[in-house]
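# Secondary and tertiary structure notes
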Amino acid sequence: MKGIHSILLACFLASAFTCFFASAFDPSPLQDFCVAIDDPNNGVFVNGKFCKDPKLAVAEDFFFSGLNKPGNTSNRVGSNVTTVNVEKIPGLNTLGISLVRIDYAPYGGQNPPHTHPRGTEILVVVQGTLYVGFVTSNPENRLITKILNPGDVFVFPIGLIHFQYNVGNTAAVAFAGLSSQNAGVITIANAVFGSNPPINSDVLTKAFQLDKNLVTYLQSVF
Ligand SMILES: *[C@@H]1O[C@H](CO)[C@@H](O)[C@H](O)[C@H]1NC(C)=O
Ligand SMILES: *[C@@H]1O[C@H](CO)[C@@H](O)[C@H](O)[C@H]1NC(C)=O
């Protein structure tokens, strides 16, 4: 009996130990925010979507078609992201994964500096040559970059600001998986200079050490 007790105790301690390491990560939000309310009857959209009865699930719930088609890159930044997340494939709900196709216009097309608040990204280039990178958090703010060719894979860790820039003379194409059913995107320039309503220009003038006219100009562009 004593032997069994020590084995049980050892197992309990071992599992406690495992839990200690396994829980070294914050729970992931599935939306930008989820303000708590006292009245559960007025709550909506907590932890993603409501679930369909699994008996009624069909192949279409797990299917998307069209990622063979390039997005139109005739825009200010020269890129186009086609997102296949839980909005496009309802079966992705709760599975913590999604996919994008990114098209880049020839030389200079870029996916501008942005961050995914809820997902790490793993990107594979299938056509063209991309200069990619991300910046680590304060205080180092270290830039980590790489030139990628077809078949090359690069990882952008969750939350970090990153970009891709087409340095080849042809259109470029990449696909990327993201570790969230809805990773979200914050494009830095849009969020900072294009917020609605605008951030007081005095804040941005001081924060970015810019002339106030330049801030007003940037706010008009974004
Ligand atoms: C991306 O491409 C699609 C399909 O061509 C187009 O409808 C959409 O407007 C494009 N988005 C941007 C931001 O250019
Ligand atoms: C791409 O978008 C531009 C600007 O909106 C438009 O003029 C052009 O016709 C589009 N090209 C295609 C192939 O849809």
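Per an unreviewed UniProt entry, the chain carries the name Germin-like protein and comes from Hibiscus trionum. The Subcellular location (unreviewed entry) comment attached to the chain in UniProt states, word for word, "Secreted, Extracellular space, Apoplast". Recorded under Sequence similarities (unreviewed entry), the UniProt text for the chain is reproduced unchanged: "Belongs to the germin family."

## A short note on the site of ligand 1
As a structural note, the neighbourhood of ligand 1 is formed by Gly-71, Asn-72, Asn-75 and Asn-80. Between ligand 1 and the protein, one listed contact pairs an oxygen atom with a side-chain N or O atom of Asn-80 at 2.3 Å. Contact with the protein chains covers 36% of the free accessible surface of ligand 1, which is 360 Å². Grouping the amino acids of the shell around ligand 1 by side-chain chemistry returns no nonpolar, four polar and no charged.

## Looking at the sheet that holds strand β8 (residues 161-166)
Taken in spatial order, the five strands of this open sheet run β6-β5-β8-β3-β10, and their pairing is antiparallel. One side of each edge strand has no neighbouring strand; the edge strands of this open sheet are β6 (143-148) and β10 (186-187). Of the pairings in the sheet, the one linking strand β5 (residues 130-135) to β8 comprises six bridges and is antiparallel in character. Residue pairing in the sheet places Phe-134 in a bridge with His-162 of β8.

## Points about the pattern of salt bridges
One pass over the full model with this rule turns up four salt bridges. Lys-55 is the partner of Asp-53 in a salt bridge, and the nearest nitrogen-oxygen pair spans 3.9 Å. When the shortest N-O distance is used, the salt bridge between Arg-101 and Asp-103 registers 2.8 Å. For Arg-101, a relative accessible area of 7% gives the class buried.

## Remarks on the nonpolar core
Within the largest apolar cluster, 17 residues are counted, with the highest numbers of intra-cluster contacts made by Tyr-104, Leu-123, Leu-130, Val-132, Leu-148, Phe-154 and Phe-156. Within the residue set of this core, elements represented by two or more residues are β2 (98-104), β4 (121-127), β5, β7 (153-156) and β9 (172-178). It is β9 that provides the largest number of residues to this core, a total of four residues. Not counting residues within four places of it along the chain, the set of residues in contact with Leu-148 comprises Leu-123, Val-125, Gly-128, Thr-129, Leu-130, Val-132 and Phe-154.

## A few points about unusual backbone geometry
Following Asn-138, the chain continues to Pro-139 via a peptide bond in cis, the omega torsion being -5°. Looking at the secondary structure, you find Pro-139 in the loop between β5 and β6. Going from Asn-196 to Pro-197, the amide bond is cis rather than trans, its omega being 0°. At Thr-94, a residue that is not glycine, the phi angle is positive and equals roughly 75°. In this fold, Thr-94 is placed in the loop between β1 (79-84) and β2. Thr-94 sits in the exposed class, given a relative accessible area of 57%. Positive phi is not limited to glycine here, since Gln-209 has a value of about 55°. On the secondary structure map, Gln-209 appears in the loop between α3 (201-207) and α4 (212-221).

Thresholds applied
- Residues numbered from 1 in each chain as written.
- Chains lettered and ligands numbered in written order.
- Predicted model: local features only at pLDDT ≥ 70, side-chain atom pairs only at ≥ 80, totals over all residues.
- Heavy atoms only, no water.
- UniProt positions renumbered as here; feature names shortened; annotations may be inferred.
- Near = heavy atom within 4 Å.
- Polar contact = N/O pair within 3.5 Å; in protein donor to acceptor, adjacent residues only side chain to side chain.
- Areas by Shrake-Rupley, 256 points an atom, 1.4 Å probe, with all protein chains shown as cover.
- Nonpolar A, V, L, I, M, F, W, Y, C, P; charged D, E, K, R; others polar.
- Pairing = 2+ DSSP bridges.
- Helix = DSSP H or I, 4+ residues; strand = E, 2+ residues; numbered from the N terminus.
- Salt bridge = Lys/Arg side-chain N within 4 Å of Asp/Glu carboxyl O.
- Buried < 20%, exposed > 50% of the residue type's maximum accessible area, 1.4 Å probe, protein only.
- Core = buried A, V, L, I, M, F, W, Y, C linked by side-chain atoms within 4.5 Å.
- Contact = heavy atoms within 4.5 Å.

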